[in-house]
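# Report on the structure
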Amino acid sequence: MEQRKALRLAGAALLSPGSCAFEDSACGYQWDYAHLPWVLHGEGHYISVDTSYEGEKAVLSSPELYSEEWSCVRLIYQIATTSETSPSPARLNLYLRQEGESFDRLLWSAKEPSDSWLIASLDLTNSTKKYKIVLEGEMGQDKSASIAVFEIKITPGYCIECDFEENHLCGFVNRWNPNVNWFVGGGNIRNSQSILPKDHTLNSELGHYMYVDSVYVKHFQEVAQLISPKTTAPMSGCLSFYYQLKQESSIVFTVYLRDTSGFYEEIWKTERAPSADWALAEVDFNAPYPMEVIFEVAFNSAKGGYVALDDISFSPVYCSNQTGTLFNPAEAGCNFEEDLCNFYQDHKDGPGWSRVKVKRNVYRAGDHTTGFGYYLLANTKFTSQPGYIGRLYGQTLPGNMQFCLRFYYALYGFFKMSGTLAVYIFEENHVVQEKICLQDSMQACEDLLPSLKQLVVFVSWCKSFWDCGLVALDDVSLSLGSCQAADLLLPNPGECTFEKDECVFTQKKRGRGSWHRRRGPTPTSYTGPKGDHTTGVGYYMYIEASNMVYGQRAYLVSRSLRGTSGKQCLTFFYHMYGAGTGLLSVYLKKEGDDEEIPLWRRTGEQSISWLRGLIEYESDRNYQIIFEAIRGVSMRSDTAIDDVLFQAGPCLEVEEIQFSSGYPDSLNEIEY
C-alpha cells in the first residue's frame, strides 16, 4: 500500500507545469472569485462546477506557463445535464491567454453531454510569450447541469503522437464496427486466435500497442479505422509509425487524411511483404487546416491475419528531405494597393483590367481594403467593343489540395449584366477546364479542388453595348481547405464582425436613440450603407437618425478589457454618408478614471464607401473602448461601424489623413 502511494506521489511530482490530476490540490490553478466557484473533489480526483450556485459561468486559470517548444494539451472532462434540447446548453471552453494580449484566444469548445469521461487534444504552437490556460464553464439555461474536469496534461510534442502506454490512448478512437475493431494489445493481454507481438516502445509483453485482427470478419472488405485527434494548428513534416503485419490472405493497410468536410486523401499504403518484426513507415504529412489521421485496415476473410501499430510520431522536417518551399496561399491573393501582386494579364486580349484609385467622394465607392486605396476595374474605356474579353490570371496552384477562393466585386451598368464577370480554372497551358464562379454567387467559390497544377482566371466579358458596364475587383484571398471548413474555424480574439451578436460591446441604454444591429440598407434614403463591410450581405451596427433628435448621442461600450504594457492597435470600418451626418468619436476609459480620453473623431459626411479607421493607444490598466455617435442636423445622418479588430502591438500602417468635411473639386475623378 505504501509503495502504491509512493508511486502515485512520484507520478504527481513528474507532472509538467500546467498539468494537474486534481488529486490533493488544484496544482496552482485558481478560479475567478467574480464568478461561480470550482469545487475540488479529492476522493474522486476531479474539479467541478454546477448549477447549485447561482451564476452564469466559472473561470479557472493555470499558473503562468512558458514553452518555446510545440506542446499538446489533453483535457479529460465530462458535461452532465438533465435536458438534451436546451436552447442554451452548458458548455466548456478552453482559452489561451498570452502575455501582452487584451483578449483570450478560444482554442476549443464543447457542449455535448455524456455519461462518461471524454478527452480533448489541443496543439499549442511554439511561442516566446508567456501564457496561461483558461477554462470557462458556462452553465447555460439548464436547471440541473454540471461540468467536471478530471485531468489536464500538457506534454512536449504533438497531439497526433502516441505510444499507447496511457489508458486515454492519446485521444485516438476506434470507429466501431460490428465485426472488426482496433483493440489495445500487450500488458499481459493475450488473444487465443493469433500470436501478437511484443510492443515496440518497451519491447516487452507489458508494453501496449493497438491491433486489429480478422477473426470475426464476416463480409468481403471488412474495414477497421483508428482515428487520431484532429489537428488544431497548421503542421507539416514527417509522420512515422511502427507496424507489424501477419497476412494469410489479402490485407490492405492504408493511412488517410480526412478534413472537416469529410474529404479523404490517401497518403500511405503498405507495399512490403509481411514479417515478424516491427517495420518503420514514414510519410510526408501536410495538414494546413484541421485534419484527422486515419489508420485503416481492410480484410477479405476471417483468416486474413492481423495488423499491429505502435509509436506514432511526428517531425516538422520532411521524411523525403524536401528542399522546396511550401505553397503559401497568402501569395496567391492581392489587395492591389501596391501592384498586381502575382496576378498578370495577356494584353493580346485587349485593354484588360486597370488598377485604379477613386478620390474620396459621395458618388463613387472607393476600394474595399480601406476605402482610400486601389482596386481593379475592367471595361473602363468607352472604346470597348462588344465581344471584348479581359482576363486576369492568378499564380499556378499545386494539385490535389482544397482551396477556398474569396474576393469582393461590384458591377456598374445600365441593367443587370448577366455573365459580365466569371471565374474559371485554366490548365497551365491556358486551356479552360471549368467555370467555377458566376457573378450571382461569387463572394466565395467553395471547395476549389484542382487535381493538377492549375490557375484561377477572372474573366470580364463585354457582350453588347448595354452589358458593357464597369466591373470592379478587390481583396482576392485564397485559403487552404473548403469554405465551409473556414467558416467553422474559431473566431480570432478581439475581432467583431457583428454577424452573430454585438460581441464584447453593450449599450449604455437601449431605445430608439441607440445603436442597432442591422443587415441591408438603412430605412432612410441617401444615408447609411447599402450593406455591411464584411461580406456585403451581413450585419453591422448603426444609429437610425430618424429616431433621434439633433445632437442626441448613442454609446457603444466594450466590456472591461485587460490592460497590458506596450502599444495596442484598434482597427474598424466606419460609414458616414448623408448630407446631415453628425459626429463619430472613439474614447478610451481606464479603470478607476472618470475621464474618457478621446482617441479619434470624424465630423460630417465622409464618403459613400466604408472607410478604415486606425487607432494606436496604450493602457497598463483594465480599460473600455467607447464608440460615440452624435446625430446631425437632419434625418440623413445615419452613421455605421463594422469589422472591429483589437490587436496587440503598434499599428503596422498609418491612417490616411482626411478632411473632416468638404471635398476637392474633382469629386468623381479616377486615378490610374
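These numbers were taken from a predicted model, which means no experiment stands behind them.

Cut-offs and rules
- Residues numbered from 1 in each chain as written.
- Predicted model: local features only at pLDDT ≥ 70, side-chain atom pairs only at ≥ 80, totals over all residues.
- Heavy atoms only, no water.
- Disulfide = S-S within 2.5 Å.
- Buried < 20%, exposed > 50% of the residue type's maximum accessible area, 1.4 Å probe, protein only.
- Salt bridge = Lys/Arg side-chain N within 4 Å of Asp/Glu carboxyl O.
- Helix = DSSP H or I, 4+ residues; strand = E, 2+ residues; numbered from the N terminus.
- Polar contact = N/O pair within 3.5 Å; in protein donor to acceptor, adjacent residues only side chain to side chain.
- Contact = heavy atoms within 4.5 Å.
- 1 Å grid on protein atoms, 1.4 Å probe; cavity = no way out; pocket = protein on both sides within 12 Å on 5 of 7 lines; lining within 4 Å.
- Points joined across faces, edges and corners; volume = space filled by probe spheres on them.
- Domains from an automatic or database assignment.
- Pairing = 2+ DSSP bridges.
- Axes fitted to C-alpha atoms, helices over the stretch in contact; angles between N-to-C directions.
- Core = buried A, V, L, I, M, F, W, Y, C linked by side-chain atoms within 4.5 Å.

This brings us to the state of the cysteines. Using the criterion set out here, one finds seven disulfides in the structure. Sulfur-sulfur distance for the disulfide between Cys334 and Cys341 comes to 2.0 Å. Here the S-S torsion is close to 70 degrees, and the disulfide linking Cys334 with Cys341 is therefore right-handed. In this structure Cys334 comes out as buried when scored by relative accessible area, which is 5%. Two residues share a disulfide in this structure: Cys496 and Cys503, whose sulfurs sit 2.0 Å from each other. In this structure, the disulfide formed by Cys496 and Cys503 twists by about 80 degrees around the S-S bond and is classed as right-handed. The class of Cys503 is partly exposed, set by a relative accessible area of 37%.

Across all of its chains, the model carries 13 salt bridges by this definition. Two residues, Asp104 and Arg562, come together in a salt bridge whose shortest N-O distance is 3.0 Å. Residue Asp104 is located in the loop between strand E6 (91–98) and strand E7 (105–110), and its partner Arg562 is located in the loop between strand E35 (553–558) and strand E36 (564–576); the two are separated by 458 residues in the primary sequence. When its relative accessible area of 22% is taken as the criterion, Arg562 is described as partly exposed. Taking the shortest distance from any N to any O, the salt bridge between Glu166 and Lys153 comes out at 2.9 Å. In this pair, Glu166 sits in the loop between strand E10 (145–156) and strand E11 (173–175) while Lys153 sits in strand E10, placing the two residues 13 residues apart along the sequence. Owing to a relative accessible area of 35%, Glu166 belongs among the partly exposed residues under this scheme. It is possible to trace a salt-bridge network through shared partners that takes in Arg97, Asp104 and Arg562.

In this section: unusual backbone geometry. Phi at Cys341 is positive, roughly 55 degrees, even though this residue is not glycine. Tracing the sequence through the fold places Cys341 in the loop between strand E20 (305–315) and strand E21 (344–345). Not every positive phi belongs to a glycine, and Asp475 is a case in point at roughly 50 degrees. Relative to the elements of secondary structure, Asp475 occurs in strand E30 (residues 470–480).

Right, let's talk about the side chain of Asp104 for a bit. Only 2.9 Å separates the side chain of Asp104 from the side chain of Arg97, close enough to count as a polar contact. Looking at Asp104, its side chain comes within polar contact range of the side chain of Arg562, at 3.0 Å. Setting aside residues up to four positions removed in sequence, Asp104 forms contacts with Tyr95, Leu96, Arg97, Pro493 and Arg562.

Let's shift gears to the layout of surface pockets. Here the second largest pocket is characterised by a volume of approximately 1,200 Å³. Together, 36 residues line the second largest pocket, and Ala365, Ala410, Tyr412, Lys530 and Ile608 are the ones closest to its centre. Mapped by element, the contributors of at least two residues to the lining of the second largest pocket are strand E25 (403–412) and E30. With five residues, the top contributor of residues to the lining of the second largest pocket is E25. Lining the lining of the second largest pocket are residues from two domains, each supplying at least three of them: domain 3 (329–487) and domain 4 (495–648).

With respect to topology, five strands assemble into an open sheet ordered E2-E3-E10-E5-E8, the strand pairing being antiparallel. The sheet terminates laterally at strand E2 (39–41) and strand E8 (118–124), the two strands that pair on one side only. Between one strand axis and the next, the sheet turns by 30 degrees as a mean value, whatever way the strands run. Two strands pair when backbone bridges link them, and strand E5 (residues 71–81) and E8 are joined in this way by seven bridges, in the antiparallel orientation.

Taken as a whole, this structure holds one cavity of 30 Å³ or more when the rule is applied. Approximately 70 Å³ is the volume attributed to the largest cavity. For the lining of the largest cavity, the elements supplying multiple residues, two or more each, are strand E24 (388–397), strand E29 (454–462) and E30. The leading source of residues in the lining of the largest cavity is E24, at three residues.

What follows covers the nonpolar core. In this structure, Trp182, Phe241, Phe253, Phe285, Phe295 and Phe458 are the most contacted members of the largest nonpolar core, which totals 64 residues. The residues that make up this core include at least three from each of domain 2 (169–315) and domain 3 (329–487). Residues in contact with Phe253, not counting those within four places in the same chain, are Trp182, Phe241, Tyr243, Leu245, Trp268, Lys269, Thr270, Phe295, Glu296, Val297 and Val307. Within the second largest apolar cluster, 34 residues are counted, among which are Leu65, Trp108, Tyr131 and Ile133.

Our focus in this paragraph is the sheet that holds E11. Pairing is antiparallel across the open sheet formed by five strands, whose spatial order is E11-E14-E19-E16-E17. Every interior strand has two partners, whereas the edge strands, E11 and strand E17 (264–269), have only one. Across the sheet, the axes of successive neighbouring strands diverge by a mean angle of 30 degrees, strand direction being ignored. Bridging between strand E16 (residues 251–259) and strand E19 (residues 291–299) involves nine bridges; their strand directions are antiparallel. Counted as the bridge partner of Leu257 is Val293 from E19.

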